[in-house]
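Secondary and tertiary structure notes
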Amino acid sequence: DNVTVYDWSTMDMVTNIDVGVAPSGSAINDYYAVIAWSFSDEVYIVNIHDYSVHAVIPTGEQPWVVRYSPDGDYAYVSCDIDDVCEKIDVFAGTHELTIPNFPIFLLSFSWNSENGRSAAYFTNFEVTSDGEHLVVGDFGDNVYFFNTTTGAIDYTVPNITNCVAVSLSGDGSKVVTGSIVNPAVLHQIDVATHTETGSVTINEGSQSMYYVPGVNPDGTKAFVGISGNQSAIARFPTSDYTILTSTYTPFWIGVSPDHQTAISGQYRFSIVDFATESVTGQYFGNTQSYGTVSPSGSRAVGYDPHRHEGIYFYDYTNPTPVYRGTTNAGEPPEGDAPRRVAIAPDLSKVVVTNVLSDNATIVNLDTYAIEAIVPMGDRVQNLEITHDSQYAVVCCFNSNTVKLIDLATNTVVADVYTGSRPGVISLSPDGQYAYVGNISSNTVSVLYLDGAATYKVTDIACGTIGVVWAAYGVSSDVEASPSGDAVLVAASFDDNVKVIDTVSNTIVATLPAGDFPIQIDFNGTGDYATVTNAFSDNYTVIHVDGASSSVVGTFAVGGTDYPLRLDYNPVQDEMGIGYYSSKHLVSIDPETGAYQGNESYAAYGALIQVEYDMIDGLPTVLTGSDGTTPGHLHRQGEAIPLPAGPAFFDYMGPDAVPPGGARTASRVAAVVMPGPDWLTIVEWLPSGVENVVTIPLSEETRLFVPEPNVITGQTHLGFALSHAGDVNLSLVDVTGRTAATIANGHFGAGEHRLVWQASGLPTGMYQAVLKLGGRTASSQKVFITGGGN
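Quick look at the structure, then. Since this is a predicted model, take the numbers as computed values, not measurements.

Mapped onto the elements, V53 comes out in strand β6 (residues 53-58). Among the residues examined, V53 registers a relative accessible area of 38% and is labelled partly exposed. For V53 and I577, which are 524 residues apart along the polypeptide, the C-alpha to C-alpha distance reads 55 Å. The residues contacting V53, other than those within four sequence positions of it, are V19, Y44 and I45.

Here the focus is the sheet that holds strand β24 (residues 240-244). As summarised here, the arrangement of the four strands in space is β21-β22-β23-β24, forming an open sheet in which the pairing is antiparallel. On the outer flanks of this sheet lie β21 (214-215) and β24, each paired with one strand and no other. The sheet contact formed by strand β23 (residues 230-235) and β24 spans five bridges and is antiparallel. Within β24, the residue paired with A234 across the bridge is Y241.

Moving on: the side chain of K403. Turning to its location among the elements, K403 is positioned in strand β39 (residues 401-406). A relative accessible area of 10% places K403 in the buried class. K403 has contacts with M376, A392, V393, V394, C396, V412, A414 and D415, leaving out every residue within four places of it along the chain.

Reading across the sheet, the four strands line up as β17-β18-β19-β20 and stay open at both edges, with antiparallel pairing between neighbours. Two strands close off the open sheet at either side, each with one partner strand: β17 (163-168) and β20 (195-202). Here the average twist between neighbouring strands, direction ignored, is 25°. Taken together, the seven bridges between strand β19 (residues 184-190) and β20 define a ladder with antiparallel strand orientation. Bridge pairing in β20 places L186 opposite V200.

This next bit is on the pattern of salt bridges. One pass over the full model with this rule turns up 16 salt bridges. The partner of E114 in a salt bridge is R379, and the shortest N-O contact between them spans 3.0 Å. Separated by 265 residues along the polypeptide, E114 in the loop between β11 (106-111) and β12 (118-122) and R379 in the loop between β36 (370-375) and β37 (380-385) bring together distant segments of the chain. Judged on exposure class, the residue E114 and its partner R379 are both buried. A salt bridge links D240 to R235; the nearest nitrogen and oxygen atoms lie 2.9 Å apart. For D240, a relative accessible area of 29% corresponds to the partly exposed category. Of the residues examined, R235 reaches a relative accessible area of 19% and is grouped as buried.

What follows is about the packing of aromatic side chains. The full count for this structure, using the stated rule, is 31 aromatic pairs. Judged by centre distance (5.5 Å) and plane angle (45°), the ring pair of Y314 and Y323 falls under tilted. Assessed through its relative accessible area of 22%, Y323 is described here as partly exposed. Ring-pair connections join several aromatic residues into one group, and the members of that group are W252, F269, Y283, Y312, Y314 and Y323. We note R67 situated over the ring of F125; from NZ or CZ to the ring centre the distance is 5.9 Å.

Mapped onto the elements, S289 comes out in the loop between β28 (278-284) and β29 (290-293). One polar contact links S289 to D304, side chain to side chain, over a distance of 3.4 Å. The contacts of S289, once residues within four sequence positions are left out, are Y121, F251, W252, Y303, D304 and P305.

Time to look at the environment of S52. Topologically, S52 is positioned in the loop between β5 (42-47) and β6. Taking the C-alpha atoms as reference points, S52 and I17, separated by 35 residues in sequence, lie 8.6 Å from one another. For S52, the residues in contact, after removing those within four places along its chain, are I45, V46 and N47. Within the structure, the side chain of S52 is placed 2.7 Å from the side chain of D50, a separation counted as a polar contact.

Looking now at the nonpolar core. L564, Y580 and L633 are the most contacted members of the largest nonpolar core, which totals 26 residues. Of all the secondary structure elements, the ones that give two or more residues to this core are β62 (638-642), β63 (648-652), β64 (667-673) and β65 (678-684). The contacts of L564, once residues within four sequence positions are left out, are V468, A470, A471, V474, I518, Q519, T532, G578 and Y580. Counting 25 residues, the second-largest nonpolar core is a separate cluster that includes Y121, V164, F274 and Y290.

Another point: unusual backbone geometry. Each neighbour pair has its own omega, and for N182 with P183 the value is 0°, a cis peptide bond. Tracing the backbone shows P183 in the loop between β18 (174-179) and β19. One non-glycine residue with positive phi stands out, namely D537, at about 55°. With respect to the helices and strands, D537 occurs in the loop between β52 (528-533) and β53 (538-543). Residue Q636 is not a glycine yet carries a positive backbone phi of 50°.

With that settled, consider a nonpolar patch on the surface. A surface patch of nonpolar side chains, about 340 Å² in accessible area, is lined by L106, F109 and W111. Relative to the helices and strands, W111 is located in strand β11.

This paragraph deals with the state of the cysteines. A full pass over the atoms with the stated rule returns zero disulfides. Its sulfur unpaired, C79 is 7.3 Å from the next cysteine sulfur, which belongs to C85. Taking the relative accessible area as the measure of exposure, C79 reaches 0% and is therefore buried.

A large share of strand β4 (residues 32-37) lies buried, amounting to six of its six residues. Burial along β4 is two-sided: the residues Y32, V34 and A36 and A33, I35 and W37 are all buried. The antiparallel hairpin formed by strand β3 (residues 23-28) and β4 contains three residues in its connecting segment. Sheet topology places β4 next to β5; six bridges connect them, and they run antiparallel. Counted as the bridge partner of A33 is V46 from β5. Between β4 and the antiparallel strand that follows it, β5, lie four residues; D41 among them carries a positive phi value of about 55°.

What counts and how
Each chain carries its own residue numbering, running from 1 in the written order of its sequence. Where local features are concerned, this predicted model is filtered to residues with pLDDT of at least 70; where side-chain atom pairs are given and counted, the filter is 80 or more; whole-chain, interface and lining totals use all residues. Derived side-chain values reflect all non-hydrogen atoms in the structure, with water molecules and hydrogen atoms excluded from consideration. Only runs of H or I of at least four residues qualify as helices and only runs of E of at least two qualify as strands under DSSP, and these elements are numbered from the N terminus. For each residue, the accessible area found with a 1.4 Å probe, counting protein chains only, is set against the maximum for its type, and the residue is called buried under 20%, exposed over 50%, and partly exposed in between. Note on definitions: a residue-residue contact is assigned when non-hydrogen atoms from the two residues lie within 4.5 Å. Two strands are counted as paired when DSSP detects at least two bridges linking them. Axis lines are fitted through C-alpha atoms, for helices just across the contact stretch, and the angle between N-to-C directions can take any value from 0 to 180 degrees. The salt bridge criterion pairs a side-chain nitrogen of Lys or Arg with a carboxyl oxygen of Asp or Glu, the two atoms within 4 Å. Between 30 and 60 degrees the pair is tilted, below 30 it is stacked and above 60 it is edge-to-face, where a pair is any two Phe, Tyr or Trp rings, Trp via its six-membered ring, whose centres lie within 6.5 Å. Charge-over-ring placement is defined geometrically: NZ (Lys) or CZ (Arg) within 6 Å of the ring centre, and within 35 degrees of the ring normal. Whenever a nitrogen or oxygen atom comes within 3.5 Å of another N or O atom, the pair is scored as a polar contact, on the condition that within protein one atom can donate a hydrogen and the other can accept it, and that pairs from neighbouring residues in sequence are kept only if both atoms are in side chains. Among buried residues, those of type Ala, Val, Leu, Ile, Met, Phe, Trp, Tyr and Cys that are joined through side-chain atoms within 4.5 Å constitute a nonpolar core. Two distance rules govern patches: like charges are joined within 9 Å, and nonpolar side chains (Val, Leu, Ile, Met, Phe, Trp, Tyr) within 5 Å, applied only to residues with over 30% relative accessible area and no salt bridge. Computed by Shrake-Rupley with a 1.4 Å probe, the accessible areas treat only the displayed protein chains as cover when residues are assessed. The disulfide definition used here is simple: a pair of cysteine sulfur atoms within 2.5 Å.

As C-alpha cells, this is what we get:
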C-alpha cells in the first residue's frame, strides 16, 4: 500500500509514499502524480517535488486507469465497477465531472503459484491531442469518442470487433485499435473525421498477452504482439505486415518520445525500428510483465510483480539497449514472498527463504527477533539445515548456485555452482553431502559440504524433472536414504524413479511409477521408499537395493485424489500420504503398500503437508483456506487458525537437541505465508500452554513474548516498531472480543516495554494483537490464570 519513488541517475529509492489502499494506475506531469487507489476508491494527487499530498478525491468504485490531458491540467480516471470516468482538475485539486457508462473491463488476472502475488490488466483509453475527447473501445463492436466537457458520446465508430485497447499516433492524427480476435485485426481510425480509414489482418496469429499497439509518428504503422512467440508490424497504406520472430510475444509495449521506435518487454527487452521494420537491439535476462518509457531521453523501466519486487532500468540510446541494474521497492528490510522454512535441529533459529526479495531471513527462536536478512541472489528456493545446526544450505534458482549460510555469523561462506535452476536439496545422513535437483538442466549435483571449502563433486543426468504448482509449487523430489547408500530422484515427466548409488554417483536402476511421480520418502531402514504420483492419484512402493531395486507395486485408495507430500511415521512404522484435493491423510504399510487407515480433513482446505513427531508419532498437518479461514495447522485434534494462506511448514519435536537440553520437551512448528510476508511460529510447551507468534518478515515490527507468559497478575509486555506510528496493543478473547486495551497511541521506532496488570480478566487463553497504523503487525497467545488477581 505505498508508492516508491526512484532517482533515474542513481537508481536509488528516493522515498515511499504511504497513502491509500492497493495503488493501481498512475499518471505524472512535471508537477503532480495522480495515483488511483483501487480498493479505497479515491485518487491521491501527490506533489512530485516534495512528495506531499496535494489532494485526495473520492471516485467511483475501483479506479484503475489514469490519463492526463495534453496540457497536464486535467486527469481522467476510469473506474471498473461503476463504469464511470472521473475528470479531475489537478492543480485545483477538485472533481470536475463524472462521465457515465464509460466502458472499462478487467482484461486478464494472473496469480503466481510460487509466491502468491497477483496482477491485473484492464482495457484502456486515450485522450485526443486537442484534449476534447476520450477514445475508448467497448469490448463489443464500437469505439466511442466521449466529450471531455459534457461527458456525452459525440461520435461512434462501428464494426471494431472486441476492441479492448487504443493507441494514438505520434502526431495525434490517428487511433489504432487492439482487439481480441483470431486472426489479429488492427484498425486505423482518423481522429479528425472519426471514421475507420484502414485495417490489417495478421493471419499468423491473434493478438496475445498485451493488446495496446505501439504506433509510429503518423499512424501508418503499428507494432503488436501476436501468439506463437512473435510480434508484427502492420502497414495500413498497403494492408500488409512484417512478422518479427525474435521478440517473443511482448508482455508490454511502449514507444520512444518521437514514436520512431517501439519498445517491447518480455524475457527479451527489444528495440524495434519502425522505418526498417527490424529489431535493432535486445537485452536478454529479465522477465517483465509491465513497463513504461520515459517521455524524454532514451529511458525505460520494466518490472514483473510475480518474479522480482523491483524495477529494471534500461537505456536505449544506442541500438543495443544497456541494462543498468535493478532496485527493490518498498520498505527495507524486506522478506518478500516467503516460500520455504527450516528449523535448526538445536531449536536456536528459523531460516526462511524469500523468493521475491531474493534473500533469507534468520529468526532467533528464543526471542522471535529477526537476526539478519541475508542477500542470496535471484529467486531462492528450498533449503536444508545441517544436523549440527551450523549451516543453512540454500538453492538459488536464477544464479544456478547453492549457498551456505554460517548460522553462527549469519553470513554466506560458500557459493557453489551446481546446474541450471537448482530447486530441491537433500542432505546425506552424516551431513557430509548435499544432493541438489537442477530443474532446467535435469541433473542432480553432488556437493561435498565443508563450510567455506564446499565444492561440487559431480553432476548426474537424472531424467526430466519439474514442478507441480499446487501448494505454491512442489518440485520433483531428490531424497537421500537413511543409510546414505542411495539417492532416489522423481523423474516426473518420464514417469519413473531413478536410483543413484552414492559411492559411484551413477544411476544404477530406473523404475516405473505412476503419472508424474513427485515426492519421495523412505521407511526407517531405507530398504523401502514410497513415491506419490500426482496425476494418476496413486502411489508406488519401491524396494531399494542398488542395481537390484524393484517396484513392489503401484496402489490406489478409493475416494482420494492428488497425492502430494508424505512423511514416514517411525513410531507406527507407517507412511502417511497427504492427498491435496480430497483432503485425506492415508496411512500405508511402507513395505507392502497395504492400506492402513484414513484421516479426513474434509472440513478444511487443501491438505498441503504432513510431518510426524519422532517421539509420540502424531501427525502435524497443514491445510489451506476453507473459504472462511486462510489456513490451519492441526495437531492432536486441534486446528490452529493461521492469519494468511500458508505455503509450507517445518516441524521439530522432542528429538531435537537444543543446547543444554532446556527445551527438549517442546514441539515447534514454523509456517510461512507468502501473501502478507509472514512467519507464524507455534510452540507447544511442556506445560500444555500453546504459544502462537506471527512475525512480519517485511518489517521489524514484532511483539515480544510476555514475561511471564502465563500471567497471574503483573506482566511485562514489549514490542519493537520498524517505524513510528499509531499503535494499538490489545487482548482478544476466544470469541474475538477485545478484553483489554494495553496501549493505544503514537509510538516512535524501536523497542518499547510496558508493565500491565491483568486484574479482573477470567482465566483462559487470549490473543495479544499488535496493530501498527491500523494493520495487524504481530500477535501471539497468552494465558491468564487465577482470575488475573
